[in-house]
Amino acid sequence: MIVCPKCGHENDDQAMNCADCGINLEWALENLAEVAQMRTPVAVPGDAANEKADRKRTQMSPAAKRRDFLIGFFGWFVLNGLVWLLVAVVGQEGDFHDPLNYGEGLVNLCVLPLNVLALIILAFWRRWISLGMLSAVALNLFIALILGLTEYGTCAVPFFAGLAR
Amino acid sequence: MHPILFRVAGTPIYSHGFFLVVGLLIGLALLVVEARRRRWPKEEVVPITLATFVGGMIGARLSILFLNGLETASTVLNFYALFDPRIGPGSILGGVVGGYVGGYIASRAIGKKGCACDAFAPAMALAVAVGRIGCFLVAEDGLGKPTTLPWGVPVPGCDYLVHPTPLYDAAFNLLWFGVLMLLRDHRSMQNGNLLKFGLAGYAVFRFGVEFMRNNRVLALGLTPHQFVCLGLLLALAVYFSYQRRGLRQSVTA
């Protein structure tokens, strides 16, 4: 019998991977220090950082998680939609019907870094809002890929060469 | 070449987009199977996979700026253009780097200890192998440089045969997928090492195959893709040497 150093599950002698946590047992037994780091930290009384993290993890109810997720998901559409209206319709920057002329204005070019920055900051601060935003971006990318089935858009050099055909 | 694969009620379905989507879906299915086999909880799989997908798509698009030149900036740097189906996603090399960064940030944000990214390695190789069939069917980038080899293929507008480099890529990735599947339970291929080994293998292959592709030369006779491969290999060499040193120190201690 092999006791998994990560989760403590008792495995058969012939087991390659732990039947509970899936870790490679041979590797885990040879790298006990690394495996110890993988284990979820147990809150030590008086350890303020651990207690705070633990409280935060357990205090968030499923309803709160759902609310944060929806704020992130729909908030992403509202905010980016408003910026798009501001830049493309009001500001008349670029031409969204022409993929070769999206506009090079500062506001337009700031939207991508701002989105990435917001995603990263929120991932560490309000994880479920960030997950909602991430889902919104992923959904749009997936829709673009599906619509791309009917468009002759390749990654060629120049990558938009196919558009002219 | 066959840019249009088939038609559905008169609407053309293009080869490039079709194999891209099929490749991604096959990769995703394999990732789910592998994550289950590794007992990877869905609370971790979902955010890390989403972040990897979004990071990969952004990375692929941004890499065009470096690989294809500054004239692409107005489209590449525009956030809304990211969702334009008329433009291809970009380079797989940028996608790999972006996906890795996205997945890493998500792992740290959810407080994941260790690295479970090895589940991505075989999935990625298989997805690229399928996706490259689309690149071949549309003769992307003119496929490759002229050749007199028996497996050279004709491309529209040329009276000579060229290297079918997307097929080389597909064949390598199919082979690499098999290798990674065989190595996935090896004790030295755990905690992120399988993915890094997979990336190193692809970088070495891609460096070589670039000599047969039509990409522009940046400097020293090398293409921007080759510089990305060299950077990737250097980063991986530094990582593995640090890891080996740490292992040696723990053994002597």
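### Looking at the overall build of chain A
Point 1. In terms of helices and strands, chain A carries 6 helices and 2 strands.
Point 2. Per-residue burial for chain A yields a buried fraction of 37% across its 165 residues.
Point 3. Partitioning the intrachain contacts of chain A with sequence separation of at least 6 by distance along the chain shows that 34% fall at a separation of at least 24.
Point 4. Within the structure as shown, chain A displays about 9,900 Å² of accessible surface, and the carbon and sulfur contribution to it stands at 65%.

### Considering the pairing of strand β1 (residues 4-8) of chain B
Residues and elements named next belong to chain B.
Point 1. For β1 and strand β2 (residues 11-14), the ladder comprises 4 bridges, and the chain directions are antiparallel. Of the residues in β2, the one forming a bridge with V8 is T11.
Point 2. With antiparallel pairing between neighbouring strands as the criterion, β1 and β2 make up a hairpin whose turn holds 2 residues, including A9 at a positive phi of roughly 50°.

### Focus on the nonpolar core
Point 1. Of all hydrophobic cores here, the largest spans 61 residues; its most connected members are W40 and F79 of chain B.
Point 2. Here this core gets 9 residues from one element, more than from any other, and that element is helix α6 (residues 127-147) of chain A.
Point 3. If you look at the next biggest cluster of nonpolar residues, it comprises 10 residues, including I2, C21, L25 and W27 of chain A.

### Let's talk about a nonpolar patch on the surface
Residues and elements named next belong to chain A.
Point 1. A cluster of nonpolar side chains, namely L70, F74, F77, L139, I143 and L147, defines an oily patch on the protein surface of about 520 Å² accessible area.
Point 2. Of all the elements in the fold, those that place two or more residues in the nonpolar patch are α4 (62-90) and α6.
Point 3. In this structure, F77 sits in helix α4.

### Concerning helix α2 (residues 42-68) of chain B
Point 1. Relative to the 39 Å expected for 27 residues at 1.5 Å per residue, α2 of chain B spans 38 Å between its end C-alpha atoms, a close match to the ideal helical length.
Point 2. Burial runs high along α2 of chain B: 20 of the 27 residues are buried.

### Here we look at the packing of helix α5 (residues 120-137) of chain B against helix α6 (residues 165-183) of chain B
Two numbers describe a pair of packed helices, the interaxial angle and the distance between the axes.
Residue and element names in this part refer to chain B.
Point 1. Where α5 meets α6, the closest approach of the two axes is 8 Å, and the angle between their N-to-C directions is 165°. One element, α5, and the other, α6, form an angle in the roughly antiparallel class. The handedness of the crossing between α5 and α6 is left-handed. Across the interface between the two elements, A121, P122, A125, L126, V128, A129, R132, C135 and F136 from α5 touch P166, L167, D169, A170, N173, L174, F177, L180 and M181 from α6.
Point 2. Looking at the contact of α5 with α6 residue by residue, the classes come out as 15 nonpolar, 1 polar and 2 charged.

### Quick notes on the confidence of the model for chain A
All names here are of chain A.
Point 1. Averaged over all residues, the pLDDT of chain A is 75; the fraction at 70 or higher stands at 67%.
Point 2. Confidence, expressed as mean pLDDT per element, reaches its minimum in chain A at helix α3 (residues 48-59) with 55 and its maximum at α6 with 92.
Point 3. Low confidence marks residues 42-46, where pLDDT is under 50. Its contacts with residues over four positions away, or in another chain, come to 7 contacts.

### A short note on the environment of E43 of chain B
Point 1. For E43 of chain B, the position within the fold is in helix α2.
Point 2. When the C-alpha positions of E43 of chain B and G208 of chain B are compared, they lie 39 Å apart, and in sequence the two are 165 residues distant.

### Some words on the packing of aromatic side chains
The description of an aromatic ring pair rests on the distance of the ring centres and on the angle between the ring planes.
Point 1. The tally for this structure, following the rule as stated, stands at 18 aromatic pairs over all chains.
Point 2. A centroid spacing of 5.9 Å and a plane angle of 85° characterise the contact between W76 of chain A and F83 of chain B, whose relative ring orientation is edge-to-face. Of this pair, W76 of chain A sits in helix α4 while F83 of chain B is found in the loop between α3 (73-76) and α4 (92-109), placing the two residues in two different chains. Across this residue pair, the class does not change: W76 of chain A and F83 of chain B are buried.
Point 3. With a centroid separation of 6.0 Å and 65° between ring planes, the pair formed by F79 of chain B and Y80 of chain B is classed as edge-to-face. As far as the burial class goes, F79 of chain B and Y80 of chain B line up, both buried.
Point 4. Directly above the aromatic system of Y104 of chain B lies the positively charged group of R108 of chain B, at a separation of 4.9 Å from the ring centroid.
Point 5. Looking at K196 of chain B, its charged tip hangs above the ring of Y239 of chain B, at a distance of 4.4 Å from the centre.

### Focus: the interface of chain B and chain A
Point 1. Of the residues lining the interface, 59 residues belong to chain B; the matching set on chain A comes to 62 residues.
Point 2. Note on chain B versus chain A: buried area summed over both sides is about 5,500 Å², and carbon and sulfur give 70% of it.
Point 3. Inspection of the region where chain B meets chain A yields 0 salt bridges.
Point 4. Inspection of the chain B/chain A interface yields 3 residue pairs in polar contact (both at pLDDT 80 or more).
Point 5. Of all the secondary-structure elements, those providing two or more residues to the side of chain B that touches chain A are β2, α1 (15-37), α2, α3 and α4 of chain B.
Point 6. Top element by residues in the side of chain B that touches chain A is α2 of chain B. It accounts for 10 residues.
Point 7. For the side of chain B that touches chain A, the per-class residue count stands at 33 nonpolar, 15 polar and 11 charged.

### Describing the environment of A170 of chain B
Residues and elements named next belong to chain B.
Point 1. Positionally, A170 belongs in helix α6.
Point 2. Classification of A170 as buried rests on a relative accessible area of 11%.
Point 3. When near neighbours in sequence (up to four residues on either side) are disregarded, A170 contacts A129 and R132.

### Some thoughts on the pattern of salt bridges
Point 1. Scanning the entire structure with this criterion turns up 9 salt bridges over all chains.
Point 2. Where D68 of chain A meets R67 of chain A, a salt bridge forms, and the shortest distance between an N and an O atom there is 3.2 Å.
Point 3. Residue R213 of chain B pairs with E210 of chain B through a salt bridge whose shortest N-O separation is 3.3 Å.
Point 4. Since its relative accessible area comes to 1%, E210 of chain B is described here as buried.
Point 5. One salt-bridge network, held together by shared partners, links E34, R37, R38, R184 and D185 of chain B.

Calculation rules
- Residues numbered from 1 in each chain as written.
- Chains lettered and ligands numbered in written order.
- Predicted model: local features only at pLDDT ≥ 70, side-chain atom pairs only at ≥ 80, totals over all residues.
- Heavy atoms only, no water.
- Helix = DSSP H or I, 4+ residues; strand = E, 2+ residues; numbered from the N terminus.
- Buried < 20%, exposed > 50% of the residue type's maximum accessible area, 1.4 Å probe, protein only.
- Contact = heavy atoms within 4.5 Å.
- Areas by Shrake-Rupley, 256 points an atom, 1.4 Å probe, with all protein chains shown as cover.
- Pairing = 2+ DSSP bridges.
- Core = buried A, V, L, I, M, F, W, Y, C linked by side-chain atoms within 4.5 Å.
- Patch = residues over 30% accessible without salt bridge, like charges linked within 9 Å, V, L, I, M, F, W, Y side chains within 5 Å.
- Salt bridge = Lys/Arg side-chain N within 4 Å of Asp/Glu carboxyl O.
- Expected span 1.5 Å × (residues − 1).
- Axes fitted to C-alpha atoms, helices over the stretch in contact; angles between N-to-C directions.
- Parallel < 35°, antiparallel > 145°, perpendicular 65-115°, else oblique.
- Left-handed = near helix turned anticlockwise from the far one by under 90°.
- Nonpolar A, V, L, I, M, F, W, Y, C, P; charged D, E, K, R; others polar.
- pLDDT = per-residue confidence, 0-100.
- Phe/Tyr/Trp six-rings, centres within 6.5 Å; stacked < 30°, edge-to-face > 60°.
- Lys NZ or Arg CZ within 6 Å of the ring centre and 35° of its normal.
- Buried area = accessible area lost by both parts, 1.4 Å probe.
- Polar contact = N/O pair within 3.5 Å; in protein donor to acceptor, adjacent residues only side chain to side chain.

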